[in-house]
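# Fold and geometry: a report
Okay, here's what each chain looks like letter by letter:
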Amino acid sequence: MPADRLHLVRHGEVHNPRRVLYGRLPGFGLSTDGRGMARQAAEYIQALDRPVTALVCSPLQRTQESAEPFTELFGLEPRIDERVIEPTNVFEGRRMAQALINPWNWRHLRKPALPSWGEPYADVVGRMNKAMTEAWDAAESGDVVIVSHQLPIWITHLAVAAQPLRHDPRARRCALSSVTSFEMQDGTWAEVAYAEPASLSGSVDVGAV
């Protein structure tokens, strides 16, 4: 039997005092508050009283640190999967407001539906779907937790809902340490729940691709 439910969990708040777009850059771990958020996400899933049998996370520091409370509460070691990583982005390491002032950078905005500034949305959907399906099929039963990033989770939501992949990043419904849950129904993913269990008061959510 495959899994019963799959939860895409976003990482917690990142220590990012310069407020740059951190992307795949090393050295961007969770803030103190971010660790608390990750704990709240894990406790939320624990409170669902559903067995969690598999834990997957991206190779980046912030997702591995966000997976630690799940290891503590469920006794699972995370499996690293490159396919659930943050997308590439040409503005990585920069402050977006400053980067967009420079006309030289406007060429990267010529095809927002692709998008032209980073990994194509369709490619993100493809790799996320493969990672989710493989984790689903590999589980004998119970729930699967995948700790990932805002864009991969949101673009998966759009694809599952059959909505256009082009979107305004400011309008994403994917808060820090949020939980977006799916089930496989007749061979097709269906979104069944969304929750924001973490306290976001005073949090800083900048730097996501």
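How each quantity is defined
Residues numbered from 1 in each chain as written. Predicted model: local features only at pLDDT ≥ 70, side-chain atom pairs only at ≥ 80, totals over all residues. Heavy atoms only, no water. Helix = DSSP H or I, 4+ residues; strand = E, 2+ residues; numbered from the N terminus. Rg over C-alpha atoms; globule rule 2.2 N^0.38 Å. Buried < 20%, exposed > 50% of the residue type's maximum accessible area, 1.4 Å probe, protein only. Contact = heavy atoms within 4.5 Å. Areas by Shrake-Rupley, 256 points an atom, 1.4 Å probe, with all protein chains shown as cover. Lys, Arg positive; Asp, Glu negative; His and termini not counted. Charge placed at Lys NZ, Arg CZ, Asp CG, Glu CD. Pairing = 2+ DSSP bridges. Expected span 1.5 Å × (residues − 1). Arc of directions from axis to C-beta. Phe/Tyr/Trp six-rings, centres within 6.5 Å; stacked < 30°, edge-to-face > 60°.

The next thing to look at is the overall build of the protein. For the protein, the helix and strand inventory stands at 5 helices and 6 strands. Computed over the C-alpha atoms, the radius of gyration of the protein is 17 Å, within 12% of the 17 Å expected from 2.2 N^0.38 for a compact globule of 209 residues. Its C-alpha atoms put the protein at 55 × 40 × 25 Å along the principal axes. Relative to its 209 residues, the protein shows a buried fraction of 47%. For the protein, long-range pairs separated by at least 24 residues make up 71% of all intrachain contacts whose partners lie at least 6 apart in sequence. Entry remark: accessible area of the protein is about 9900 Å², with carbon and sulfur atoms responsible for 52%. A gap of 12 Å separates the mean positions of the 22 positive and 25 negative side-chain charges of the protein.

Turning to the pairing of strand β4 (residues 143-148), a few remarks are in order. Taken across its 6 residues, β4 has 6 buried, putting it largely inside the fold. Here β4 shows no split at all, with Asp143, Val145 and Val147 on one side and Val144, Ile146 and Ser148 on the other all buried. Relative to β4, strand β1 (residues 5-10) runs parallel, the two being bridged by 6 bridges. Across the sheet, the residue bridging to Val9 is Val147, located in β4. Pairing geometry for strand β2 (residues 52-57) and β4, over 5 bridges, is parallel. For Cys57, the partnering residue across the bridge sits in β4 and is Val147.

Now for helix α4 (residues 121-138). The terminal C-alpha atoms of α4 lie 26 Å apart, and with 18 residues this matches the ideal 26 Å at 1.5 Å per residue to within 8%. Turning to α4, its buried residues number three or more, namely Tyr121, Val124, Arg127, Met128, Ala131, Met132, Ala135 and Trp136. Along the axis of α4, the buried positions cluster into a sector of 165°, meaning they face one direction only. Counted as exposed and oriented over 90 degrees from the buried face of α4: Ala122, Lys130, Asp137 and Ala138.

Turning next to the pairing of strand β6 (residues 188-195). Both strand β5 (residues 179-185) and β6 contribute to a ladder of 7 bridges, which runs antiparallel. Within β6, the residue paired with Gln185 across the bridge is Thr188. Hairpin connection from β5 to β6: 2 residues lie between these consecutive antiparallel strands, with Asp186 at a positive phi of about 55°.

Tallying each qualifying case throughout the model produces 3 aromatic pairs. For the ring pair Tyr22 and Phe28, a centre distance of 5.5 Å and an interplane angle of 40° mean the geometry is tilted. Owing to a relative accessible area of 15%, Phe28 belongs among the buried residues under this scheme. Their ring planes at 15° and their centres at 6.3 Å tell us that Phe70 and Phe74 sit as a pair that is stacked. Placement of both Phe70 and Phe74 in helix α2 (residues 61-74) is noted, with a separation of 4 residues, approximately one turn of the helix.

Geometry only, nothing functional implied.
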